[in-house]
Amino acid sequence: MLNRRDFLKSAGALATTSVFGQSAAYAATVQSRSASTPGRAVVSLNKGWRFHEGDIPMPTVRGHGSTYANAKAGMAGGAAAPDFDDSEWGSVTLPHDFASFQLPEESANVSQGYRKRGIGWYRSLIRLDEADHGKHIELQLDGISTLATVWFNGSQVGHVWSGYNSVYIDLTPFATYGEALNSLVIRADAVAMQGWWYEGAGIYRNTWLVKREQVHIVTDGVFAHPVFADGRWSIPLEVTLYNIRKRAQQVQVESVLIDAAGKTVARFSAPAEVGVLARQVVNGSMRVDSPNLWSLEERNLYSVRTRVLQDGKLLDEVTTRCGFRTQRFDPERGFFLNDQHVKLQGVCIHQDHAGVGVAVPYGVLDYRLRRLKELGVNAIRCAHNAQDKRFYELCDELGFLVMDENRMFNPAPEHMEELIWLVRCHRNHPSIILWSVFNEEPSQGTEQGYEMVRRMTAAVRALDTSRPTTAAMNFGQFEPVNAAQAVDVAGFNYQYPSYEAFHQKFPNVPMTSSEDVCGYQTRGAYLTVPEKHIFASYDDDAASWGTTHRVGWKAIAEKPYVAGAFVWTGFDYHGEPSPYEWPSNSSFFGIMDLCGFEKNAFWLHQAQWRKEPVLQLAPHWNWAGREGQPIMVMALHNMDEVEVFLNGRSYGRQKGDIYEMNRWQVPYAPGKLSAVGYRGGKVAKRFEIETTGEPVALKLTPDRGFMLGDGLDAQPFKVEALDAKGRHVPLAQHQIVFKADGGDIIGLGNGDPNDITSEKGDTRALFNGLAQVIVQTREGTAGTLKLSASAPGLKTGVLHVDVRKAQPWAYQATSQPVQSIGGWRSSPVDPAPIDPNLRAGGTDMNSWGWITPGTKAKPAEQTGYVLYAAEGWLFSRVRKHGGRLEFVEVTGPCQVFIDGRKIGEKTTDAPGPLQMAFPPGLDKFRVSVLCPVKAGQAHGLSGVVRLWSIS
Ligand code: GAL
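None of the values given here were measured: they were computed from a predicted structure.

Rules and cut-offs
- Within any chain, residue numbers begin from 1 and follow the written order of that chain's sequence.
- The predicted origin of the model limits local features to residues at a pLDDT of at least 70 and limits the giving and counting of side-chain atom pairs to 80 or more, whereas totals for whole chains, interfaces and linings rest on all residues.
- Values shown for side chains rest on all heavy atoms present in the structure; no hydrogens or waters enter the calculation.
- Salt bridges, as used here, are contacts in which a Lys or Arg side-chain nitrogen is within 4 Å of a carboxyl oxygen on Asp or Glu.
- Strands here are runs of E lasting at least two residues and helices are runs of H or I lasting at least four, both read from the DSSP assignment and numbered beginning at the N terminus.
- When accessible area is computed with a 1.4 Å probe and restricted to protein chains, residues below 20% of their type maximum are described as buried, those above 50% as exposed, and intermediate ones as partly exposed.
- UniProt positions are given in the numbering used here, feature names are shortened, and annotations may be inferred rather than shown by experiment.
- We call two strands paired when DSSP finds no fewer than two bridges between them.
- Every angle, taken between N-to-C directions, lies between 0 and 180 degrees, and every axis is a line fitted to C-alpha atoms, over only the stretch in contact when it is a helix.
- Here the positive residues are Lys and Arg and the negative ones are Asp and Glu; neither His nor the chain ends is included.
- Contacts are assigned to residue pairs that have any heavy atoms within 4.5 Å of one another.

> Explain the pattern of salt bridges residue by residue, including any values.
On inspection of all chains with the given rule, the structure shows 53 salt bridges. In this structure, Glu-88 and Arg-877 form a salt bridge, with 3.6 Å as the shortest nitrogen-oxygen distance. With Glu-88 in the loop between α3 (64-70) and β4 (90-92) and Arg-877 in helix α11 (residues 876-881), this residue pair connects regions lying 789 residues apart in the sequence. A relative accessible area of 26% places Arg-877 in the partly exposed class. Residues Asp-464 and Arg-467 are paired through a salt bridge, measuring 2.9 Å at the closest nitrogen-oxygen approach.

> I'd like a rundown of the UniProt feature "domain: Beta-mannosidase-like galactose-binding" (unreviewed entry) in the chain, residues and numbers included.
UniProt records the feature "domain: Beta-mannosidase-like galactose-binding" (unreviewed entry) for residues 121-189 in the present numbering. Here residues 121-189 is 0% helix and 55% strand, with 9 Å between the C-alpha atoms at its ends.

> Now, about the sheet that holds strand β54 (residues 894-898): what can you tell me, with residues and values included?
Taken in spatial order, the six strands of this open sheet run β50-β49-β52-β57-β54-β55, and their pairing is antiparallel. A strand with exactly one partner marks an edge of an open sheet, and here the two such strands are β50 (849-851) and β55 (901-906). Neighbour to neighbour, the strand axes of the sheet diverge by 25 degrees on average, direction disregarded. By the bridge criterion, three bridges tie strand β49 (residues 824-826) to β50 in an arrangement that is antiparallel. Across the sheet, residue Trp-824 finds its bridge partner in β50, namely Ile-851.

> Tell me about the pairing of strand β43 (residues 743-749), and please be specific about residues and values.
The element β43 is extensively covered by neighbouring structure, given that five of its seven residues are classed as buried. Bridge count between β43 and strand β45 (residues 770-777): six bridges; the pairing is antiparallel. Across the sheet, the residue bridging to Gly-747 is Ile-774, located in β45.

> Quick rundown of the side chain of Asp-189? Include the residues and the values.
For Asp-189, the position within the fold is in strand β11 (residues 182-190). One buried charged residue, Asp-189, forms no salt bridge at all, with the nearest opposite charge on Arg-187 at 4.6 Å. When sequence neighbours within four positions are dropped, the list of residues in contact with Asp-189 reads Gly-118, Ile-119, Ser-145, Thr-146 and Leu-147.

Structure, rendered in structure tokens:
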């Protein structure tokens, strides 16, 4: 184990093509998922779900027979039962945030954006091919809000304790193949809360089935993060194998490092023995000479391709990306990447976006991160939880430094698993520089807090010694025993006056702001109107515990020992509309609004964080009625000097203050407000804005020029009103109606925290001149998506977007609702024909057997008759309209009865299918099948039995 100092100095490093550029980034997005390699198939489970909003209480179990059955594997009741009637439920495709469809309601929780949450049930019927038989089948759930219970084929197979982590569940022992369908049921509990912000509700991230050979690499089972030590680069490798075969297996593990040009630059190979149902970790190392480093400017990524072979046969293959870079936090000088000082210009973000809630399509995620790049952000804090897996890939590709954060502060075993998952899942990403174990915990200044953190940092260090741990503390660092003593980098939320005091007292402890600012701004507003819940966008308003953007950055920028800033927040988010409540339902903290449109904090930070000349003036110049009155003009800039003019008349050349920025009072007159910025005495940048006329037309602007016709790609479109000269009209508030031909509108927004209208549908008002519509393509389409935006009195805005043919993800086959008839009992053999109404006695657990239709028919031991019987409630559609009863295969002759009445018969000995009409009008049924059997001859229900509705 490295000591604390060495540890902080130690290198990090990690993989592949660097894609910075709108469309390229999105294309990579799609390809990087649902990728199958020899030996493993990754298929999306996002389609084929049926959904019920609201809870369905479990039925009360009564009677000894039912109580006995209820305690058995595969016998879950109520909506968790495989044969539960969901035929009238609606269909949904994941990701799905059911809270995002809710209108804000005053009776709902302010912190959750006044959206009603609750319980949601999801059910799916999965058809696994015979070819999958013998594979290892794993279910991966990437994010469910907030807690969840998972059943597979009637057995409870998982609990999800975190609304932000992936859960991997081995379904292999429960799975059936061929005609027998598999029932997957998820109850999402979004009454539960793990945050104080909008958390959405339901299965809001992707779901997958991963089908692997029986000997394979476990999920997140390759750790390949390059390290620089003793003047050399190497990749310490850790490959975790698993074997579900019935004997120990000898295999060969081979890893190769591949550069961006596809050239193999290092190799590793080692034999391994993997025990039965055991995990085996294979350790190794690859030396690498002079790799191209990963940096914020050059995102050089490499691929580590790891294979498991047996007698030359490829069993499994995993490709992991990595990047070579060193990192260190210096107590005096802050953060260094590749030995170059980098001041962290960071933002905290939550994961939701306008219109789509937390079910953010990758195209929108990509847009959000590119917006942050444009702003000049180089670091992102995942507040206060893991983000979607794609987020970290994009951070590697676009060049961000990430403070990854654990959600629940709790070292008890089940919650410790969440932290362990976080590190195992993300530790190959070169972008990650810090593991944060908590945010603002009341116990942070106590021995209990310290002891909890001590255990959690130990768990992190057991998995990754190349990045330090931190904890985001808002008090307590000066207590005799406190959480900061158990982490590597002290994290400060706000507490500006304490930066210096802490550094004086603990000069050897590296520190960073983990959260700062908390300024309030409303996009496009220049007057603070408390009764209307509006904040002027001049950076004069901030929360009592925070400060303005200008003061916050100065306090950090001028202290070299503070590694950097993490401004609260990059974007507005639903919920936490502090300091207001109803009708405000999203935050005012963002540098950008909920749609990613710039507030003035955007230009302010861009000026402070980017090197190239920035010069922007606030406010807009449409102040009819205020003629002659002074208007405060603010320049957001990084100039030595700035001069402001109105209609050619100068209002003064000021020495630029890049922290405070510069202000002028300019008496209003319509016309042109302009500014000239100087660097070194020379004009470096100009800016101008004009008073506009009345709006006459609408304009739509896409984020990207093309989209993929894969049914997944989505992008935000900006809509704005223009005057007759084509100028943006800043105060337009028109109600817009959108229409998409060749695509689907999946969300709407306008960045107004006080808007309580729906974010779904096809209409939204402009807010201070802007609104956003998010459109998704349809699977299997190519050609043109036509989007229009119209409002009375304005020329309709029309946009044509090129939709390109694209390979959709591979999806798991699922079935329409069908009632599987299960729970079959078989009578003892009787020499005489058995009454089809005969039942096992209520307390007789033993004389009747249980059978599972679909298992191979066996020869009978005696000659006589056997009665098979199953009973239950009918699906409502069959009840109403009747149906078709299908025996996929019966071996031998038989007669079929419903409630003692014969409805069908098979007379042949050979195995074959049997189908018959099922009458309408029944609620409950008892199907019995009477089979004459002969000693030594096979007979029985050798195929599954199911009931299809006919409507
Ligand atoms: C911080 C907290 C954030 C957010 C912010 C604004 O204390 O860490 O999650 O609540 O305040 O109120």
